[in-house]
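Chain by chain, the residues run as shown.
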Amino acid sequence: MSDTVNVPVKKKKVLVAMSGGVDSSVAAALLKEQGYDVVGATMQVWDYTNCDITEGNGTCCSSLDVDDARSVADKLDIPFYVLNCEAKFKASVIDPFINAYLQGQTPLPCVNCNTYLKFDHLVKKMKELECDYLATGHYAQIIQSASGEYQIKTSEDDWKDQTYFLFTIDPAIVPKLLFPIGHLKKPEVRKLAESQGLVVAKKKDSQGICFVGNMGYDNFIKGQVSEIILKSKRGVLKRYPTNEVMAQHDGIHHYTIGQSKGLGMTYHEKLFVIKIDATDNTVWVGEEKYLFHDEVDVIEPHIISQFTDGEELSVKIRYQHKGSIAKVVKSETGFKLKFKEPQRAITPGQAAVFYSQEKVLLGGGWIKL
Amino acid sequence: MLKIPIYLDFNATAPLSQKVITSMPQLLQLWGNPSSIHLASRGPKTILRETKKKLADYLKVSSLEIIFNSGASEGNNTVLKSVWNTFRPGNHFNHSVKNEFLISAVEHPSITKTAQFLETEGAIVHWIPVSLNGDIDLNFIKEKLNERTALVSVMFANNETGTVFPIKDIVALAKAKNVLVHSDCVQAFGKTDFNLQDLGVDYATISAHKFYALKGCGVLFARKNAPYINLVHGGGQERSRRGGTENILGIASLGVMVDELSQVSHNETEIRILRDYFETEIKAQIPAVSVTCEKSIRLANTSSLVITGVDGETLLVSLDLKGFAVSTGAACSSGNPEPSPVLLALGLTRQEAQNSLRVSLGWTTTKEHIDLFIHQLVEVVEHLRAINEAQTNV
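Rules and cut-offs
- Residues numbered from 1 in each chain as written.
- Chains lettered and ligands numbered in written order.
- Predicted model: local features only at pLDDT ≥ 70, side-chain atom pairs only at ≥ 80, totals over all residues.
- Helix = DSSP H or I, 4+ residues; strand = E, 2+ residues; numbered from the N terminus.
- Rg over C-alpha atoms; globule rule 2.2 N^0.38 Å.
- Buried ≥ 20, exposed ≤ 12 C-beta atoms within 10 Å, placed from the backbone.
- Expected span 1.5 Å × (residues − 1).
- Arc of directions from axis to C-beta.
- Contact = placed C-beta atoms within 7 Å.
- Pairing = 2+ DSSP bridges.
- Axes fitted to C-alpha atoms, helices over the stretch in contact; angles between N-to-C directions.
- Parallel < 35°, antiparallel > 145°, perpendicular 65-115°, else oblique.
- Left-handed = near helix turned anticlockwise from the far one by under 90°.
- Nonpolar A, V, L, I, M, F, W, Y, C, P; charged D, E, K, R; others polar.
- Core = buried A, V, L, I, M, F, W, Y, C linked by C-beta atoms within 7 Å.
- Right-handed = clockwise from strand over helix to strand, strands pointing away.

(A) A look at the overall build of chain B. When its secondary structure is counted, chain B shows 14 helices and 12 strands. In terms of C-alpha radius of gyration, chain B reaches 22 Å, essentially the compact-globule figure of 21 Å for 394 residues. Each principal axis of the C-alpha atoms in chain B carries an extent, and together these give about 70 × 55 × 35 Å. Per-residue burial for chain B yields a buried fraction of 49% across its 394 residues.

Here it is in structure tokens:
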């Protein structure tokens, strides 16, 4: 920082994505405290009036989360805007989410939201509004390597770390990103919110998928997809590997790999969904041992920081996964992963995300059957 | 403290007049209930009566035909529902059923949404088309008017484009068929001189806050003997036509502004010069920009632009951050991904509506404001277009 006198230093300007939750609220507060010129924005992504969550009086724009974000912005005395992203959100998050379920996959909509909304749409807004940085309340950290490269590293809070959802970020924008709470643990974030007097300090953590809310993804899909299409997803439950037909089912979108409850049939031993075949709507169920695999193909690869072909990396195959060592080998469509130890319930539609030993986010891709 | 922006959104609301602000301490003493008999009611009663009288004189109607309410949304609801409930099928007090409404396609939501509600009750609504030039289809009105038409409702001037509609011609067509006419005069009141005798309508609605007075106060004109059914039942206020203790402060603030109506004509001329200057400069300095309904008869203060390739929402936010308050017909944070129904009804494409910007001037607008705004708008549009170009070239 220059300490030249008489030259007014223009404050760096940050666009901060505010969801109305405690994390992004504290992120905004910290930026303000650090002397940035802060502009807050909430993306209006979905008409929550038909949702059973957080709805106030049912008129448009009355989502309580938006109100919370606005009240935090008021408290911090920063400009705040609600940006309409409904069309984009529907096309790049909701529709793929529904399609994935109808293809027998278990989708990860938060990644698409990051890819197409937060770190694309908002990056554009950042430029348009002449901001120097884009900040979010993600549990992740930006670091600079010895060679000066900007990298994404996992959060200090292992439990909350959200880098799993960030593997599609374009490396070119990493220097433009700020994660102001990534060095904190959740209880510290709450404490800060409380000491700043933010209304969201005691707000519950958002659970699950924002647009699904409490209704459950089953009911959400039912509300969005025509009955004819849903009926076309019916098929049979077959025993793996014997091929024996065990029961009829009401649609492959009700199943996810590794599931053992709510299979829609009773059986004297505990069975698990092993595989879902969308071509003929067969859901294979079997003993738990068939859930374990040590190889998986990953497609649509993204690389944020370079690594060597064939390197052994820590790989997370779902958000709550701790990470397991796998050899990551380039393939024609992405990567082939060879795990040291077999992994349980590797699920198509989820991501495989790679980390270095230093917990730097290197990249990832989508798990293919 | 809030930074005071350069305010160019007078069609949304107007800042309080200095005259209103300075009269407030005195008006705040008028806390009495005008319906009471004792001393405390006298001041409020007087304000109520005098404001009504002054306003009635200006509008060249009788005081008895003026009803104070909470605003034009209430007024518009009252008119449409009064007429519907008077002539609706099944109303045994009425022998001539009239269930058709003729309503312009570019009305305020307090008209369109009310009409849509009446459709669910069995009303038939014919939406009068308005062309891209701002011309309302008089032939459509002529063709649709019949003995079952209950009401024609056309706004005096449009809030988004400023287009002024030929209310007198519409009244002439309707009166030939003995049909009632309502006009939402919210945008015209205080921006251009008019009176209701001359206009010849049966109902008119006005809002105080668009004319530098307080929010929460409206005026409904209902011609003597025109059908009227309360929207709000209650005490005997407003000759039992609108229940609820009167908003004395709002009414008094409107009264202060009624005294300023003598300036309308002069200010209108000044504002028109500024608006025309703004449009000339913008068209000269920004490529690919057009003025919606430019050739129509327009309010002097309104300019509705389409700036190709520039998202209205982003433009609005950018300008706000630089201290300029304007408005857009683009889909905004309303929870509704649709852009302005008015602009779409005029025949603009969704993309054009998405690229729209509304600038509306007022009595406190100066040439300096306009020059600063032009300068900033040119800069912001260039910046946003450059980013779009860079993205499409990737």
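(B) A look at helix H3 (residues 72-87) of chain B. The end-to-end C-alpha distance of H3(B), which contains 16 residues, comes to 23 Å, matching closely the 22 Å that a straight helix rising 1.5 Å per residue would cover. Burial analysis of H3(B) places 13 of its 16 residues in the buried class, which makes it a mostly covered element.

(C) A look at helix H5 (residues 186-195) of chain A. All names here are of chain A. Of the residues making up H5, those classed as buried are Val-189, Arg-190, Leu-192 and Ala-193. On an axial view of H5, the arc spanned by its buried residues comes to 160°, and they lie on one face. In H5, the exposed residues that point more than 90 degrees away from the buried face are Pro-187 and Ser-195. Its buried side turned inward, H5 meets helix H1 (22-33). Of the residues flanking the end of H5, it is Gly-197, one or two places downstream, whose phi is positive at about 70°.

(D) How the structure looks around the sheet that holds strand S10 (residues 272-277) of chain A. All names here are of chain A. Sheet architecture is open: four strands sit in the order S9-S8-S11-S10, paired in mixed fashion. Bordering the open sheet on either side are strand S9 (245-249) and S10, each of which pairs with just one other strand. The mean angle between the axes of side-by-side strands here comes to 25°, regardless of whether they run parallel or antiparallel. Pairing analysis gives five bridges linking S10 to strand S11 (residues 282-286), with the strands arranged antiparallel. Looking at the pairing, Asp-277 lines up with Thr-282 of S11.

(E) Inspection of unusual backbone geometry at higher detail. Tyr240(A) connects to Pro241(A) through a cis peptide bond whose omega is 0°. Of note, the phi angle at Glu238(B) is positive, near 50°, even though the residue is not glycine. The residue Glu238(B) is located in helix H8 (residues 237-240) in this model. A positive phi angle is found at Ser240(B), which is not glycine, with a value near 60°. Secondary-structure assignment places Ser240(B) in helix H8. Taking the C-beta count within 10 Å as the criterion, Ser240(B) has 11 such neighbours and is therefore assigned exposed.

(F) Up close: the sheet that holds strand S8 (residues 218-222) of chain B. Residues and elements named next belong to chain B. Pairing in this open sheet of seven strands is mixed, and the strands run S2-S8-S7-S6-S5-S3-S4 from one edge to the other. Of all the strands in the sheet, the pair left with one neighbour each is strand S2 (66-69) and strand S4 (124-128). Neighbour-to-neighbour, the strand axes of this sheet turn through a mean angle of 20°, independent of strand direction. Examined bridge by bridge, strand S5 (residues 149-153) and strand S6 (residues 180-184) share three bridges and lie parallel to one another.

(G) Quick look at the packing of helix H1 (residues 18-27) of chain B against helix H9 (residues 248-258) of chain B. Residues and elements named next belong to chain B. Between H1 and H9, the shortest axis-to-axis distance is 10 Å and the interhelical angle comes to 135°. With respect to H9, the element H1 is oriented oblique. Judged by the sense of rotation from one axis to the other, the crossing of H1 with H9 is right-handed. Listed contacts from H9 to Lys-19, Val-20, Ser-23 and Leu-27 of H1 are Leu-249, Ala-252, Ser-253, Val-256 and Met-257. Grouping the amino acids of the contact of H1 with H9 by side-chain chemistry returns six nonpolar, two polar and one charged.

(H) Molecular detail of the pairing of strand S3 (residues 80-84) of chain A. Residues and elements named next belong to chain A. Counted residue by residue, S3 has five buried out of five residues, so it is predominantly covered. Along S3, one buried face is formed by Phe-80, Val-82 and Asn-84 and the opposite face, lined by Tyr-81 and Leu-83, is buried too. Pairing of strand S2 (residues 37-44) with S3, which is carried by five bridges, proceeds in the parallel orientation. Paired with Met-43 across the two strands is Leu-83, which belongs to S3.

(I) The arrangement of the nonpolar core in detail. Membership of the largest hydrophobic core comes to 218 residues, with the highest contact counts inside it found for Leu15(A), Val16(A), Ala28(A), Val285(A), Ala213(B) and Phe221(B). For this core, the leading source of residues is H9(B), giving eight residues. Excluding its chain neighbours within four sequence positions, the residues that come into contact with Phe221(B) are Leu59(B), Val61(B), Glu65(B), Ile66(B), Leu196(B), Tyr203(B) and Ala204(B).

(J) Local environment of the packing of helix H2 (residues 42-59) of chain B against H9(B). Residue and element names in this part refer to chain B. One way to put it is that H2 packs onto H9 with a least axis distance of 9 Å and a crossing angle of 40°. Between H2 and H9, the angle is such that the two are oblique. Here H2 runs over H9; the crossing is left-handed. Here Pro-44, Ile-47, Leu-48, Glu-50, Thr-51, Lys-54, Leu-55 and Tyr-58 of H2 come into contact with H9, specifically with Ile-248, Ile-251, Ala-252, Leu-254, Gly-255 and Val-258. In terms of residue class, the contact of H2 with H9 is built from 10 nonpolar, two polar and two charged.

(K) A look at the pairing of S2(A). All names here are of chain A. Across the eight residues of S2, seven count as buried, placing the element largely inside the fold. In the sheet, strand S1 (residues 13-17) pairs with S2 via five bridges, with the strands oriented parallel. Looking across to S2, one finds that Val-14 is bridged to Val-38. Chirality of the crossover, the property in question, places the unit of S1, H1 and S2 among those that are right-handed.

(L) Fine view of the environment of Ala72(B). All names here are of chain B. As for its placement among the helices and strands, Ala-72 is situated in helix H3. For the pair Ala-72 and Val-219, spaced 147 residues apart in the sequence, the C-alpha separation amounts to 7.0 Å. Apart from the residues within four sequence positions on either side, Ala-72 is in contact with Ser-110, Asp-184, Val-186, Thr-205, Ile-206, Ser-207 and Gly-218.

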